[in-house]
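# Inside the fold
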Amino acid sequence: MTADHVAALAALETAAEQSIRSATGREALQQIRTEFLGRKAGRLTSILKVQPALDPDTRRSVGQRANAAKAAIEQWLDDAEARTAAQRTTGPSCSGRSG
């Protein structure tokens, strides 16, 4: 795998994680999902467009690394969506204790 591909995929993961952490709400998370994982114009898709031009060994390595990045981003998004849903269910604060 070339250093450029490694750097691009690492930067993609870092940017996705930061975006997900700062997202506020389900709509924002959906926009992030589309931005990073969208089939036509997603950032991961853009990186993978060069994959057919790579030699077979590099292509395999880039593909494996890209799959790992995609899985990590999907997991972060799923976790964030679950937290968002839980916050909607419980409301902003349930600490109405006295004393």
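Residues numbered from 1 in each chain as written. Predicted model: local features only at pLDDT ≥ 70, side-chain atom pairs only at ≥ 80, totals over all residues. Heavy atoms only, no water.

## Here's the deal with helix α1 (residues 3-22)
For clarity, the threshold we go by: The numbering of helices and of strands both runs from the N terminus, where a helix is a DSSP run of H or I of at least 4 residues and a strand a run of E of at least 2. Any helix carries an expected span of 1.5 Å times its number of residues minus one. A simple rule labels every residue: compare its accessible area, found with a 1.4 Å probe on the protein chains alone, to the largest value its type can have, and call it buried under 20%, exposed over 50%, or partly exposed in between.
Its 20 residues place the ends of α1 29 Å apart at the C-alpha level, agreeing with the 28 Å of an ideal helix rising 1.5 Å per residue. His5, Leu9, Leu12, Glu13, Ala15, Ala16 and Ile20 are the residues of α1 that are buried.

## Re helix α4 (residues 56-90)
Put simply, the test is: For this analysis, residues touch if any pair of their heavy atoms sits within 4.5 Å. In protein, a polar contact means a hydrogen-donor-capable atom and an acceptor-capable atom, both N or O and within 3.5 Å, with residues adjacent in sequence counting only if both atoms are side-chain atoms; elsewhere, any N or O pair within 3.5 Å suffices.
The first and last C-alpha atoms of α4 sit 51 Å apart over 35 residues, in line with the 51 Å expected at 1.5 Å per residue. Those residues of α4 that fall on the buried side of the exposure criterion are Thr58, Val62, Gly63, Ala66, Ala69, Ala72, Ile73, Leu77, Ala80 and Thr84. Against α1, α2 (26-37) and α3 (43-48) lie the buried residues of α4. Of the residues flanking the start of α4, the one acting as N-cap is Asp55, its side-chain oxygen 3.2 Å from the backbone nitrogen of Asp57.

## Examining the pattern of salt bridges
Pairs can form between side chains of opposite charge once their charged atoms are near each other. As a reminder of what qualifies: In what follows, salt bridge is the name for a side-chain nitrogen of Lys or Arg lying within 4 Å of a carboxyl oxygen of Asp or Glu.
Scanning the model with the defined rule gives six salt bridges in all. With a closest N to O distance of 3.1 Å, Asp78 and Arg33 form a salt bridge. Pair noted here: Asp78 is in helix α4 and Arg33 is in helix α2, with a separation of 45 residues, a long-range link. Its relative accessible area of 39% is what places Asp78 among the partly exposed residues. For Asp57, the salt bridge is made with Arg60, and the minimal N-O distance between the two is 3.0 Å.

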